[in-house]
Structure formats: C-alpha cells, structure tokens
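# Residue-level structure breakdown
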Amino acid sequence: MSHLSSSVTSHLRPPNTTPVDAPEATPPADHVLVLKVIPQPRDANSNGDIFGGWVMAQVDLAGGVLPARYAQGRMATVAVNQFIFKQPVRVGDILSFYAKMERIGRTSMTVNVGVYAERFNNQGHYIKVTEATLTFVAIDDQGRPRPVPKRDL
Ligand SMILES: CC(C)(COP(=O)(O)OP(=O)(O)OC[C@H]1O[C@@H](n2cnc3c(N)ncnc32)[C@H](O)[C@@H]1OP(=O)(O)O)[C@@H](O)C(=O)NCCC(=O)NCCS
C-alpha cells in the first residue's frame, strides 16, 4: 500500500459491527431470488456502514433480472418509483435480493425488489434492509422504446 493510500485509509472509520435491533423477516414466497452479494469494506461510507448508492446500484442490477426475461434484449431503467432504506447494511452481511414482476406494460415493466441481510455474525436469520420498485423499458438499437416481446413465461 502506498504512503498516500495508507494515510487516507487511516482516517476512515472501521466497519460498523454494532448489532441492530431489527425484527427478523421471511423473504416472501411470491418473490424470486435473483442476486446474492456480500458488501466489502470498499463499499462503506464514512460512518462505516454501506454507502446507499452502492445498495441502489445492486438493486438496479437485481431489478433487471426478471424484466430481461420479458424484454429479450436491450432495456434501460426509466424510473425508481420507490426506494426505502429500512435498516443499515453492514460490511460482511450476506445480502439476498428477491424480485417480483408487478406489471408489464406496452414497452415498460415494473418490478418490486426486497433486500434481506444475514448479519455476518447471525447467519440464517434475515432482516429486511431495503425495499424498492423500479420500472424498465425495452429499447431498440437506437435507444427508443420498443414493445415488450414476451408477455408471459
Ligand atoms: C427509457 C427511455 C428510452 C424512455 O423514453 P420515453 O421517450 O420517455 O418513452 P415513453 O414516454 O414512450 O415511455 C415508455 C414507457 O416508459 C414508461 N415511463 C416513462 N416514464 C416513466 C416514469 N417516470 N415512471 C414510470 N414509467 C415511465 C411509459 O409509461 C411507457 O410505458 P408503456 O409503454 O408500458 O406504457 C428514455 O427515457 C431514456 O433513454 N432514458 C434514459 C435511460 C437511462 O439512461 N437509464 C439509466 C441507465 S440504464
């Protein structure tokens, strides 16, 4: 590690591992597991918790998994309709992203994503940390909306 990077990291807080008193939750049976990921120290903010923008990026990726099956090609996120950070995410949590299609329009698809954390020291127990609803649009090679080709799976 260079002199510069070690002097920068020495000013960062260590990862926050304080227990959070949050109710245990069960991932809903009508949602599909679309992504699992473990946030790393580089994903933390200056409080030592995980940066909200990192969580949003993962939700955007996870949210696209089911719509991609209907779009069968290029698509873009047109809206984040709702995004709730219910509990902090911690370094080392195992995050599970569960998704459910909510609506298929002419060119757009709306999906609900619930994010559940297994704290690194409490595996097998889920806490709901984030809930979001996003809309994706199937687009053509010119980036213009195109009809969703697949209406059911
Ligand atoms: C996505 C994009 C092509 C849509 O173009 P547009 O001219 O707004 O298209 P339209 O107005 O015809 O809307 C297309 C569909 O999106 C829906 N839509 C548009 N804006 C929306 C919004 N704010 N919330 C929810 N749905 C929306 C419309 O209802 C329509 O759905 P339908 O065909 O199922 O009825 C264009 O907005 C775009 O390129 N945005 C940038 C995308 C991007 O860079 N995303 C981030 C990185 S992936």
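I will try to describe carefully the structure that is included in this document. (Residues numbered from 1 in each chain as written. Predicted model: local features only at pLDDT ≥ 70, side-chain atom pairs only at ≥ 80, totals over all residues.)

### Notes on the site of the ligand
Taken together, 13 residues are adjacent to the ligand, and Ala79, Gly105, Arg106, Thr107 and Ser108 come closest. Of all the elements in the fold, those that place two or more residues in the shell around the ligand are strand E2 (75–85) and strand E5 (126–138). Here the shell around the ligand gets four residues from one element, more than from any other, and that element is E2. Each residue belonging to the shell around the ligand can be placed in one class, and the counts come to six nonpolar, six polar and one charged. (Near = placed C-beta within 6 Å. Helix = DSSP H or I, 4+ residues; strand = E, 2+ residues; numbered from the N terminus. Nonpolar A, V, L, I, M, F, W, Y, C, P; charged D, E, K, R; others polar.)

### Quick word on the environment of Thr130
Relative to the assigned elements, Thr130 resides in strand E5. The buried category is assigned to Thr130, around which 22 C-beta atoms lie within 10 Å. Between the C-alpha atoms of Thr130 and Phe83, which are 47 residues apart in sequence, the distance is 7.4 Å. Residues in contact with Thr130, not counting those within four places in the same chain, are Val55, Val59, Ile84, Phe85, Lys86 and Val115. (Buried ≥ 20, exposed ≤ 12 C-beta atoms within 10 Å, placed from the backbone. Contact = placed C-beta atoms within 7 Å.)

### Some remarks on unusual backbone geometry
Look at Gln72: it is not a glycine, yet its phi comes out positive at around 50°. Structurally, Gln72 is set in the loop between helix H3 (65–71) and E2. Under the C-beta neighbour-count criterion, Gln72 is labelled exposed, with 11 such atoms within 10 Å.

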